[in-house]
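Here is how the chains run, residue by residue.
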Amino acid sequence: MKFSDFVSVKAIRTGLAAKDKPSAISELVDSLAEAGEIQSSDRDDIIKALLKREDLGSTSIGRGIAVPHTKHPSVDRLVGTVGVSPQGVEFDSLDGDKVQLFFLLVSPPDRPGDHLRALENISRQLRDDAFCRYLKQAKTAEEILQLLVDADNSQFGH
Amino acid sequence: MRATRYLRGHVLELGSSNDVGAMMSEPISQRVVTVRNSQGLHMRPADLLVKAAMKFRCRIELEKEGQIVDARSILGLLTLGAQFGTSLKLKAVGEDSKEAIEMLGDLFDNAFYETDNPTEAAI
């Protein structure tokens, strides 16, 4: 699976304003709603589900990266977005670092394979230090998109 | 990369006996494990494996079709993309390798203690 298979281009955000976990997740879910990937009426419920998942353990995976995710019956295919917070967000990560880079995923309840393949892709690409650094430094959604396209075309890592 | 580690293990042999290097004298334990939860090896099971692996001193690896990752790396584990039914080789090298294989193997055998309710919001 590639980034282009699940990242909604219109929902990519740089310069996230949020300083804490709930507002960061809200901002990213709003970006999916504005991009038309989810219904505005499902916004609150999706945020609630994402925060419920965080309660089970932070989705931070180290290196200043988190992958908040949930299943939700309102989506019929995996949708995701990418967000960058220049100042970083407190995210209860194990290493204590603030999170600067977010990949948020919402998947249909009956498609665990797609979720797993998205995680596989994200984690494989993020093993490349340069790719991580460039994403965190990105100032515009266009820059993020270009990095994701490059990654899909194997400009980074493997 | 593995060859380098192997060499490093020997270089450090005199000074540090608990280096992770694959020294021939170190005990090795291994077994085949199978992903038994319907959601596959996603983030929460990976997190459980990392936390379990941290309790041991030995080096612990998981291998899927030739791809070998460190069981202490959540990024590494997620790159396996191991779905339900996948068989993996679990291998540990070091003095507490037997105990490590038992504990991590138990997590696989017990399907990471996940309930298989597909409508559960959290995954």
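Residues numbered from 1 in each chain as written. Chains lettered and ligands numbered in written order. Predicted model: local features only at pLDDT ≥ 70, side-chain atom pairs only at ≥ 80, totals over all residues. Heavy atoms only, no water.

**Structural notes on the overall build of chain B**
Of regular secondary structure, chain B possesses four helices and four strands. In chain B, the succession of α and β elements from N to C terminus is α-β-α-β-β-α-β-α. By the burial criterion, 49% of the 123 residues in chain B qualify as buried. For chain B, the exposed surface amounts to about 6200 Å²; the carbon and sulfur share of it is 54%. (Helix = DSSP H or I, 4+ residues; strand = E, 2+ residues; numbered from the N terminus. Buried < 20%, exposed > 50% of the residue type's maximum accessible area, 1.4 Å probe, protein only. Areas by Shrake-Rupley, 256 points an atom, 1.4 Å probe, with all protein chains shown as cover.)

**Notes on the packing of aromatic side chains**
All names here are of chain A. According to the stated counting rule, one finds five aromatic pairs over all chains in the structure shown. Relative to Phe-131, the ring of Phe-3 lies with its centre 5.9 Å away and its plane at 35°, an arrangement referred to as tilted. Residue Phe-3 is located in the segment before helix 1 (21-34), and its partner Phe-131 is located in helix 4 (residues 129-137); the two are separated by 128 residues in the primary sequence. Assigned by exposure class, Phe-3 and Phe-131 land together as buried. Sitting over the face of the ring of Phe-91, Lys-21 holds its NZ or CZ atom 4.7 Å from the ring centroid. Above the plane of the ring of Tyr-134 lies Arg-133, whose end atom (NZ or CZ) is 5.7 Å from the centre. (Phe/Tyr/Trp six-rings, centres within 6.5 Å; stacked < 30°, edge-to-face > 60°. Lys NZ or Arg CZ within 6 Å of the ring centre and 35° of its normal.)

**With respect to the confidence of the model for chain B**
Residues and elements named next belong to chain B. With 74% of its residues at a pLDDT of 70 or more, chain B has an overall mean of 83. Low confidence marks residues 1-20, where pLDDT is under 50. Its contacts with residues over four positions away, or in another chain, come to 19 contacts. Contacts from residues 117-123, a stretch scored under 50 in pLDDT, to residues over four places away or in other chains number 20 contacts. (pLDDT = per-residue confidence, 0-100. Contact = heavy atoms within 4.5 Å.)

**Focus: the interface of chain B and chain A**
Counting residues at the interface gives 22 residues for chain B, matched by 25 residues for chain A. Inspection of the chain B/chain A interface yields zero salt bridges. On inspection of chain B and its partner chain A, the count reaches two residue pairs in polar contact (both at pLDDT 80 or more). Of all the elements in the fold, those that place two or more residues in the side of chain B that touches chain A are helix 2 (43-53) and helix 3 (74-79) of chain B. The dominant element in the side of chain B that touches chain A, judged by the number of residues it contributes, is helix 3 of chain B, at five residues. Of the residues that constitute the side of chain B that touches chain A, the class distribution is 10 nonpolar, eight polar and four charged. (Salt bridge = Lys/Arg side-chain N within 4 Å of Asp/Glu carboxyl O. Polar contact = N/O pair within 3.5 Å; in protein donor to acceptor, adjacent residues only side chain to side chain. Nonpolar A, V, L, I, M, F, W, Y, C, P; charged D, E, K, R; others polar.)

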